[in-house]
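# Coordinates in review
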Amino acid sequence: MKRLALLFLILAVFAGCGGKSGGKAESGNLYKETQELMGTFATVRVVAGKEDLPRAQEAVNKVFACLRHMEDLMSFHREDTEVAQVNREAFDHPVAVSAETFEVIKAAVQFAKDTDGAFDITVGPLVKLWADAGKAGRLPTQEEIADALSKVGAAAKIKLDEEKKTVQFAVKGMSIDLGGIAKGYAVDRAIEVLRAAGFQDAIIDVGGNMTVIGRNADGKKWTVGVKNFFRKNGYVEQVEAENMAVSTSGDYERFVVINGHRYSHIIDPRTGMPVEGAASVTIIAGDGMTADAWSTAASVLGSSKALELLRKDAKYDDCQMLFAACTQGFRDYLAPEEEK
Ligand code: FAD
Ligand code: MG
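I will try to describe carefully the structure that is included in this document. (Residues numbered from 1 in each chain as written. Chains lettered and ligands numbered in written order. Predicted model: local features only at pLDDT ≥ 70, side-chain atom pairs only at ≥ 80, totals over all residues. Heavy atoms only, no water.)

Here the focus is empty space enclosed by the protein. Under the counting rule described, the total for this entry stands at 1 cavity of 30 Å³ or more. Roughly 50 Å³ of volume is contained in the largest cavity. Along its surface, the largest cavity is lined by Asp251, Arg262, Ser264, Val275, Glu276, Gly277, Cys326, Thr327, Gln328 and Arg331. Residue composition of the lining of the largest cavity, grouped by class: 2 nonpolar, 4 polar and 4 charged. (1 Å grid on protein atoms, 1.4 Å probe; cavity = no way out; pocket = protein on both sides within 12 Å on 5 of 7 lines; lining within 4 Å. Points joined across faces, edges and corners; volume = space filled by probe spheres on them. Nonpolar A, V, L, I, M, F, W, Y, C, P; charged D, E, K, R; others polar.)

Printed below as a string of structure tokens:
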């Protein structure tokens with residue numbers, strides 16, 4: 001009998017829906033635009049009266065310029081970014097970076113401490129090891145995992161110089177991967193751009209990292225939904241959101257399959273193994289970077305430990321969580337999806 005699994009929801013609130021529509025006025029007083037960036041889709045919705053649509057479009061152009069600027073600084077999928085330079089040179093010498101990149105790396109080191117090492121941007125060697133294993137169709141050996149693990153540990157192995165804004169690595173072969181935090185940070189900065197342009201009611205969503213400000217075009221709270229993590233369409237829940245960030249991490253979009261087994265893109269930095277069981281974790285927080293980092297961390301920690309650590313530190317008192325757990329076997333029991 002296959003292992004039965006439990007689908008297990010902890011109370012909370014959440015949201016997270018992406019948009020794949022074009023860029024134009026969605027209705028008389030809502031301007032919406034979607035562009036592809038950071039390997040996903042970014043959708044901006046701004047409440048603006050008809051006479052204000054040109055100004056809204058101009059503000060949204062600045063938002064996308066801001067998001068692209070963050071990608072130009074922090075992508076580890078390209079060779080021409082600051083993070084790529086840090087990964088090449090930071091063992092040989094301290095590497096100076098922009099204030100934005102420094103802020104994200106400094107915050108990430110703190111999240112590593114606050115999450116007992118569950119959130120750790122130095123997972124780069126492990127992420128690469130499992131991505132290569134997926135391509136090769138074979139599991140990494142214990143030696144390969146141990147070797148990658150020896151380069152992991154943000155709290156102890158990253159040296160930051162606040163004054164000079166430099167980053168240095170303590171171990172050769174280290175590499176940082178900001179995939180679990182930089183989208184949330186980028187949305188925070190993009191919201192500031194909108195506010196500076198005089199728009200107070202909007203949603204910015206970058207691949208499941210969403211920040212909601214003000215009210216929707218009807219003057220009500222925005223309603224956002226958490227994607228159904230098992231189905232192509234539909235939501236698990238709808239949430240009324242206002243002035244908050246919502247981040248969802250899940251193993252339903254990015255994973256590798258080896259010998260018929262699905263391995264998540266989220267890796268436990270303490271064991272070197274992809275996390276099992278966290279189908280979808282959504283965190284609500286006051287800012288996007290915290291929501292992003294904690295949705296990743298909670299996927300590693302599991303629901304009880306994540307709740308314990310969140311409640312241990314007053315700075316996370318405004319964080320809420322939905323945790324949907326399920327084991328591989330549960331998926332085998334899902335009824336086929338009706339074609340819409
Ligand atoms: P999250 O849980 O938010 O993050 C998971 C990601 O964080 C993993 O993919 C890995 O990158 C990293 N990670 C894994 N385990 C841990 C851990 N324990 N602690 C900390 N981090 C961990 N994707 C593309 O396909 N092409 C691109 O060109 C591309 N460019 C990008 C540029 C930027 C600046 C960013 C931020 C992301 C980019 N991505 C790109 C997407 C990226 O590779 C991740 O897949 C994505 O950010 C995962 O987000 P998530 O919300 O699914 O999961
Ligand atoms: Mg994240």
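From this point, the discussion proceeds with the structure in view.
Here the focus is the sheet that holds strand 7 (residues 166–169). Pairing is antiparallel in the open sheet, where 3 strands are placed in the order 5-7-6. Looking at the sheet topology across the chains shown, the edges are occupied by strand 5 (95–96) and strand 6 (158–161). Relative to strand 7, strand 6 runs antiparallel, the two sharing 4 bridges. Considered in strand 7, the bridge of Asp161 is made with Thr166. (Pairing = 2+ DSSP bridges. Helix = DSSP H or I, 4+ residues; strand = E, 2+ residues; numbered from the N terminus.)

The next subject is the site of ligand 1. Neighbouring ligand 1 are 27 residues; His77, Asp177, Gly179, Ser249 and Thr296 lie closest to it. Taking His77, its side chain carries an N or O atom lying 2.7 Å from an oxygen atom of ligand 1. The contact in question runs from an oxygen atom of ligand 1 to an N or O atom on the side chain of Lys183, over 3.0 Å. Calculation on ligand 1 without its partners gives an accessible area of 930 Å², and the protein chains cover 89% of this total. Counting only elements with at least two residues in the shell around ligand 1, the list comes to helix 7 (182–196), strand 12 (244–250) and helix 8 (288–301). It is helix 8 that contributes the most residues to the shell around ligand 1, 3 residues altogether. In the shell around ligand 1, the residues fall into 12 nonpolar, 10 polar and 5 charged. (Near = heavy atom within 4 Å. Polar contact = N/O pair within 3.5 Å; in protein donor to acceptor, adjacent residues only side chain to side chain. Areas by Shrake-Rupley, 256 points an atom, 1.4 Å probe, with all protein chains shown as cover.)

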